[in-house]
Amino acid sequence: MRTKLLIASADVGYAEHLSNYISEHYRSTIEVSMFRTQKSLADLPENQRFDAALFDVDLLEGFDTSRIVLPVLLVSEDAEESTGFENFETISKYQRISAIVSELLSKCAKITKYSGDPDSNNANITAVWSPSGGVGKTTVALSYAASRAAVGKRVLYLNLEPFSSVPAYFNDSGKSISAAFEMLENAQGNLQMLIRGICQQDREAGVAYFCRPENFDDMYALSSDNIAELTTVCAGVTEELVVDMSCVCDWRTRKVFELVDTIFIVTDKTTTAQVKLSQFLSQHNVFESIKEKVTLVANKGAAVSMEVDGAIWKLPWVSSSDPKTVYKTLSSCFE
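For clarity, every value in this text was computed on a predicted model and none was experimentally measured. (Residues numbered from 1 in each chain as written. Predicted model: local features only at pLDDT ≥ 70, side-chain atom pairs only at ≥ 80, totals over all residues. Heavy atoms only, no water.)

**Student:** Sorry, what's going on with the sheet that holds strand 5 (residues 89-92) here?
**Tutor:** Two pairing modes exist for strands in a sheet, parallel and antiparallel, and in both the strands are linked by backbone hydrogen bonds. Here 5 strands make up an open sheet; going across it, the order is 2-1-3-4-5 and the pairing parallel. Of all strands in the sheet, those bounded by a partner on one side alone are strand 2 (30-35) and strand 5. The mean inter-strand angle of the sheet, taken between neighbouring strand axes irrespective of direction, is 25°. Here strand 1 (residues 3-8) pairs with strand 2 via 6 bridges, running parallel. Bridged to L6 within strand 2 is S33. Of the strands in this sheet, strand 1, strand 2, strand 3 (50-55) and strand 4 (68-75) are in contact with helix 1 (residues 12-25), which crosses strand 2 at around 165°. (Pairing = 2+ DSSP bridges. Helix = DSSP H or I, 4+ residues; strand = E, 2+ residues; numbered from the N terminus. Axes fitted to C-alpha atoms, helices over the stretch in contact; angles between N-to-C directions. Contact = heavy atoms within 4.5 Å.)

**Student:** I would appreciate a short explanation of the packing of helix 6 (residues 178-186) against helix 9 (residues 224-235) in the present structure.
**Tutor:** Relative orientation and spacing of two packed helices are given, respectively, by the angle between their axes and the distance between those axes. The geometry of helix 6 relative to helix 9 is characterised by a closest axis approach of 10 Å and an angle of 120° between their N-to-C directions. Between helix 6 and helix 9, the angle falls in the class oblique. Two packed elements cross with a definite hand, and for helix 6 against helix 9 that hand is right-handed. Residues A180, F181 and L184 of helix 6 form the contact with helix 9, whose own contacting residues are N226, E229 and L230. (Parallel < 35°, antiparallel > 145°, perpendicular 65-115°, else oblique. Left-handed = near helix turned anticlockwise from the far one by under 90°.)

**Student:** Would you mind showing me how to read the nonpolar core here?
**Tutor:** Soluble globular proteins: nonpolar side chains tend toward being buried together. Grouped together as the largest cluster of nonpolar side chains are 67 residues, with contacts concentrated most on I22, L54, L158, I195, L230 and F280. Ranked by residue count, the leading element in this core is helix 4 (residues 97-111), at 7 residues. Those residues within four positions of I195 in sequence are excluded, and the remaining contacts are A180, F210, L230, V233, C234 and V237. By size, the runner-up hydrophobic cluster in this structure holds 29 residues, among which are V135, Y144, A149 and V266. (Core = buried A, V, L, I, M, F, W, Y, C linked by side-chain atoms within 4.5 Å. Buried < 20%, exposed > 50% of the residue type's maximum accessible area, 1.4 Å probe, protein only.)

**Student:** Would you take a moment to explain empty space enclosed by the protein for this structure?
**Tutor:** Tallying each qualifying case throughout the model produces 2 cavities of 30 Å³ or more. Looking at the largest cavity, its volume works out to about 80 Å³. If you trace the largest cavity, you find it lined by L160, M219, I227, M245, S246, V248, D250, R252, T253 and V256. For the lining of the largest cavity, the leading source of residues is helix 10 (residues 251-259), giving 3 residues. Class assignment for the residues of the lining of the largest cavity results in 6 nonpolar, 2 polar and 2 charged. In terms of lining, the second largest cavity is formed by Y157, L158, N159, S164, V166, I177, F210, C211, R212, P213 and M219. Considering each element in turn, the lining of the second largest cavity owes the most residues, 3 residues, to strand 7 (residues 155-159). For the lining of the second largest cavity, the per-class residue count stands at 8 nonpolar, 2 polar and 1 charged. (1 Å grid on protein atoms, 1.4 Å probe; cavity = no way out; pocket = protein on both sides within 12 Å on 5 of 7 lines; lining within 4 Å. Points joined across faces, edges and corners; volume = space filled by probe spheres on them. Nonpolar A, V, L, I, M, F, W, Y, C, P; charged D, E, K, R; others polar.)

Everything listed here is a matter of coordinates, which is why it stays silent on function.
Here you go:
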């Protein structure tokens, strides 16, 4: 369900730019209605309701805000304070529109409840995991995500590693995923709306993602049920969800394995990686429960000598120290 947003501003150029940008870049998330005069607002049907609204002060005067869950004032640095509106939420008018949307949805998520059916999502969920570190698991996850985005899919990358590698690949200056962790722990608010608000979009790769946690403990404070809910809600806002997981195989990992459609198990040509993979395939009872979902990914030009049921994808070695170059080059291997 899309968030219903009212934009009310007499600044025609600004209002049209704001409305057009949101309609173009957030069309699957937000439904925009724009108004430029008090008269047009007064003509709104009494039964019409909105999840949020962005108001210039002049148009807010005299308007019945009871039909809006979250009315927000658009303010500028040089504007004088308006008497009577001290209790309203505010958002800076002149900043990046993506930042306005993120802040607005984050505010709205705290005071609304999720009303959708998380089991109704149609997203394909792919988990990327390995029993060994250093095999290029994140590179594989992002390569696959970029390959799906290249064919027109809406793709969300969810990094569940204890130490996030997101800053090595994407701009990490947005809202932290810790905001979602906090909402999960408190069990209050609209997590789906918050997810839509805090995820960032890498325009070059076409992949949506989250900025790293604020601290190491944020990830470890989550239970397996928290991780399952986060994964499920993320799957409800996209077409392809790619989950980059830590190398442990604890109860949280197993919970994710239950939810996903496909599991990429990554290895490389090192003896350590091959030995650990062999042990997992032959000794761990988890593999028996997931083997029908598994695709083995032999990364960095690795050869696989062991017998494995199911598909094996072989990725070449890419000679580059730039992680962005590596994953973008490998993305063509998944076509």
